[in-house]
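Chain by chain, the residues run as shown.
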Amino acid sequence: MNKVIISVKNLAKNYGNFQAVKNISFDVYEGEIFGLLGPNGAGKSTTLEIIETLRDKTSGEIIVDGINLDSNKDGIKKIIGVQLQTSGFYPGLNLVELVHLFGGLYNQPVEPMYFLKLVNLEDKAKNKFKELSGGQKQRFSIATTLINKPKIIFLDEPTTGLDPQARRNLWELIRNIRSQGTTVIITTHYMDEAEQLCDRIAIMDEGKIISLNSPDKMIDELVATGFERPKQVKLANLEDVFIHLTGKEMRDE
Ligand code: ADP
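Let us look at the structure shown here. (Residues numbered from 1 in each chain as written. Predicted model: local features only at pLDDT ≥ 70, side-chain atom pairs only at ≥ 80, totals over all residues. Heavy atoms only, no water.)

1. Digging into the site of the ligand
The environment of the ligand is made up of Y15, F18, A20, P39, N40, G41, A42, G43, K44, S45, T46 and R55. G43 has a polar backbone atom sitting 3.0 Å from an oxygen atom of the ligand. The protein chains hide 60% of the 560 Å² of surface that the ligand would expose on its own. At the level of secondary structure, the elements contributing two or more residues to the shell around the ligand comprise β2 (18-29) and α1 (44-51). For the shell around the ligand, the leading source of residues is α1, giving three residues. Its residues placed into classes, the shell around the ligand shows five nonpolar, five polar and two charged. (Near = heavy atom within 4 Å. Polar contact = N/O pair within 3.5 Å; in protein donor to acceptor, adjacent residues only side chain to side chain. Areas by Shrake-Rupley, 256 points an atom, 1.4 Å probe, with all protein chains shown as cover. Helix = DSSP H or I, 4+ residues; strand = E, 2+ residues; numbered from the N terminus. Nonpolar A, V, L, I, M, F, W, Y, C, P; charged D, E, K, R; others polar.)

Structure follows, in structure tokens:
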């Protein structure tokens, strides 16, 4: 039996008269990569920021690793890691300085090279954040989510804007983090990414969860309705061509 690490029951959030999240319920299991998908405005950020203790809810119950949000927000903060948008980092500090800064925020002594090694950025330890490539910036921001040794990390569109190699590299990093036992909640607008990476997905639209299942089961259910792609799918796609021609190795080092 999988242990439930996040339990959301009847969560609602109103902004004035507008209902952004409409009584949603779902569980996240320990050790899974859980995707929250949906069009812009669906209510994904609102839902995640409530679980992350960054926004207040209107009603409902949230329990994270046995801790009730209503009675112990700080307890939840201690066991989660939240990825900041990379624009939030001080561009003029080097990576070692930034890791120390984050360690200070969490009130934890940190060993910067340990975290930089986790995300394959030891070589860039003395580089300023602004000197990193897009993929390196994303890897660094993922490293900062791990500083307080969290049980759960939240990644918000971690591969947006990256080239195909850098995206694959990040998928591998996320799988590695999960294989250490960390639960991962991820948002993405890339369906191939969700299909490759997520054990289960919740699809949100207009404040509701309209489907929750593994990517495989969701696809099977659609096919069972008689759905067929309009065109015979080729055995490869343009992304395969790109990777085949340019190689799998990273270029941004
Ligand atoms: P998503 O992350 O899926 O794009 P959001 O949770 O950001 O969706 O937003 C859901 C809805 O709530 C949107 O219609 C958005 O305009 C609205 N919304 C988000 N934050 C606020 C806010 N602080 N005040 C008023 N409306 C908001």
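2. Topic: helix α9 (residues 238-246)
Regarding α9, its N-cap is N237, as a side-chain oxygen of that residue lies 3.0 Å from the backbone nitrogen of E239 further along. One or two steps after α9, the chain reaches G247, where phi turns positive at roughly 85°.

3. A few points about the pairing of strand β3 (residues 33-37)
Of all five residues making up β3, five are buried, and the element is well covered by its neighbours. Bridge analysis of β3 against strand β8 (residues 183-187) gives four bridges, and the strand direction is parallel. The residue of β8 that forms the bridge with F34 is I185. Judged from the four bridges that link them, β3 and strand β9 (residues 200-205) form a sheet pairing that is parallel. Within β9, the position partnered with F34 by the bridge is R200. (Buried < 20%, exposed > 50% of the residue type's maximum accessible area, 1.4 Å probe, protein only. Pairing = 2+ DSSP bridges.)

4. Here's the deal with a negative patch on the surface
On the surface, a cluster of negative charge is made up of E195, D216, D220 and E221. Among the elements that make up the negative patch, the one with the highest residue count is helix α8 (residues 215-224) (three residues). Within the secondary structure layout, D216 lies in helix α8. Owing to a relative accessible area of 53%, D216 belongs among the exposed residues under this scheme. (Patch = residues over 30% accessible without salt bridge, like charges linked within 9 Å, V, L, I, M, F, W, Y side chains within 5 Å. Salt bridge = Lys/Arg side-chain N within 4 Å of Asp/Glu carboxyl O. Lys, Arg positive; Asp, Glu negative; His and termini not counted. Charge placed at Lys NZ, Arg CZ, Asp CG, Glu CD.)

5. Quick word on the packing of aromatic side chains
Across all of its chains, the model carries six aromatic pairs by this definition. Between the aromatic rings of F26 and F34, the centroid separation amounts to 5.6 Å while the plane-to-plane angle is 10°, which identifies the pairing as stacked. As far as burial versus exposure is concerned, F26 and F34 are alike and both buried. One cation-aromatic arrangement involves R167 over Y190; the distance from NZ or CZ to the ring centre is 4.0 Å. (Phe/Tyr/Trp six-rings, centres within 6.5 Å; stacked < 30°, edge-to-face > 60°. Lys NZ or Arg CZ within 6 Å of the ring centre and 35° of its normal.)

6. Comments concerning the sheet that holds strand β5 (residues 67-68)
Taken together, four strands build an open sheet; the order of strands is β2-β1-β4-β5 and the sheet is antiparallel. Two strands bound the open sheet, and with one partner strand each, they are β2 and β5. Across five bridges, the pairing between strand β1 (residues 4-15) and strand β4 (residues 59-64) is antiparallel. Within β4, the residue paired with I6 across the bridge is V64. Docked against the sheet, α1 engages β1, β2 and β4, running at close to 120° with respect to β1. (Contact = heavy atoms within 4.5 Å. Axes fitted to C-alpha atoms, helices over the stretch in contact; angles between N-to-C directions.)

7. Focus on the pairing of β4
Across two bridges, β4 lies against β5 in antiparallel orientation. Within the sheet, the bridge partner assigned to I63 lies in β5 and is N68. Between the antiparallel neighbours β4 and β5 lie two residues, among them D65 with a positive phi of about 50°.

8. Some thoughts on the packing of helix α5 (residues 134-145) against helix α6 (residues 164-179)
In a packed pair of helices, the relevant descriptors are the angle between the two axes and the axis-to-axis distance. Where α5 contacts α6, the two axes come as close as 10 Å, and the packing angle between them is 15°. Here α5 is positioned roughly parallel relative to α6, judged by the angle of their axes. Helix-helix and strand crossings are classified by hand; for α5 and α6 the assignment is right-handed. Contacts from G135, Q138, R139 and I142 in α5 reach A166, N169, L170, L173, I174 and I177 in α6. Here the residues of the contact of α5 with α6 sort into six nonpolar, three polar and one charged. (Parallel < 35°, antiparallel > 145°, perpendicular 65-115°, else oblique. Left-handed = near helix turned anticlockwise from the far one by under 90°.)

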